[in-house]
Amino acid sequence: MATDEALLRLLPLHKMPVLRLYGWDRPCQSIGYFQPVAEAIPDLELVRRYTGGGLVDHRKDVTYTVVLPRSHPLAQVSMAESYEALHEGVAEALVQIGLDAVLAKQADEVESSACFQKAVCYDIKVGSQKVAGAAQRRTREGMLHQGSVLLVEEAHRHALREVLAESLAEALEVDLEASPLTPEEAEKAQVLEAEKYVTKDWNLQR
């Protein structure tokens, strides 16, 4: 989470879209910026996101982040429109690995604080099950889009990681090149981690 925010904060330095694909080194959950910590899964390590949305259990998902400068077309349209465009890219990747993925046209008529228990418009479903959701935050630097794709089968998660970057690049209409964090991004992430994302004041504030 610290790396994601660092990428957003330093985006004006290069003004190029960034796609980050990553995993979790231990069982973990993330909760939304506004979410009460009481809604978290008991006894599962947690971190609070910089974006909103509901609880995400990261034990069987593929996580990705898109960071866009304010000048990018998807950062200038409504959140719903950008959400739809990015999820079209994710859905196409899921179709490529053999899953019948479609975008939800309306919200599910259920109430739940867990992200994957309730689809909203433009989330991704396979059959009746929501498999992908996301949350966004926009600042003066640009747009942060944090997404998660829940896939029970490890083979599906592996296959998705192989095709997701190309599919999202097409949705963004950009050419993406693999690269490590810059020294500035790595340093900013370390500072944010130490001062925010590992602290009780941040994670347990609500």
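Keep in mind that this is a model prediction, so the values were computed, not measured. Each chain carries its own residue numbering, running from 1 in the direction its sequence is written. Restriction of local features to residues with pLDDT of at least 70 applies here, the model being predicted, together with a cutoff of 80 or more for giving and counting side-chain atom pairs; totals for whole chains, interfaces and linings are based on all residues. Only hydrogens and water are set aside when side-chain values are computed; all heavy atoms of the structure are taken into account.

### Here we look at the pattern of salt bridges
When charged atoms on two side chains of opposite charge get close, those side chains can pair.
So, step 1. Whenever a carboxyl oxygen of Asp or Glu lies within 4 Å of a side-chain nitrogen of Lys or Arg, that contact is scored as a salt bridge. Taken as a whole and judged by the stated rule, the model has eleven salt bridges.
So, step 2. Arg 9 is the salt-bridge partner of Glu 5, the closest N and O atoms lying 3.2 Å from each other. Here Arg 9 and Glu 5 lie together in helix 1 (residues 2-9), a separation of four residues that amounts to about one turn.
So, step 3. Given the relative accessible area of 2%, Glu 5 is considered buried.
So, step 4. Where Glu 154 meets Arg 157, a salt bridge forms, and the shortest distance between an N and an O atom there is 2.7 Å. On the criterion of helical spacing, the pair formed by Glu 154 and Arg 157 is a turn pair, its members being three residues apart in helix 4 (residues 154-172).
So, step 5. A simple rule labels every residue: compare its accessible area, found with a 1.4 Å probe on the protein chains alone, to the largest value its type can have, and call it buried under 20%, exposed over 50%, or partly exposed in between. Classification of Glu 154 as partly exposed rests on a relative accessible area of 41%.
So, step 6. Salt bridges here are not isolated pairs; linked through shared partners, they connect Glu 5, Arg 9, Arg 140, Glu 141 and Lys 196. Secondary structure elements are defined from DSSP: runs of H or I of at least 4 residues count as helices, runs of E of at least 2 residues count as strands, and each element is numbered from the N terminus.

### What about the environment of Glu 5?
So, step 1. Note: C-alpha distance between Glu 5 and Tyr 50 (45 residues apart in sequence) is 7.2 Å.
So, step 2. If we skip the residues at most four places from it in the chain, Glu 5 touches Tyr 50, Leu 192, Lys 196 and Tyr 197.
So, step 3. At 3.0 Å, the side chain of Glu 5 forms a polar contact with the side chain of Lys 196. Whether two residues touch is decided by their heavy atoms; if any such pair falls within 4.5 Å, the residues are in contact. Here a polar contact is taken to be a pair of N or O atoms separated by no more than 3.5 Å, where protein atoms must pair a possible hydrogen donor with a possible acceptor and residues adjacent in sequence count only if both atoms sit in side chains.

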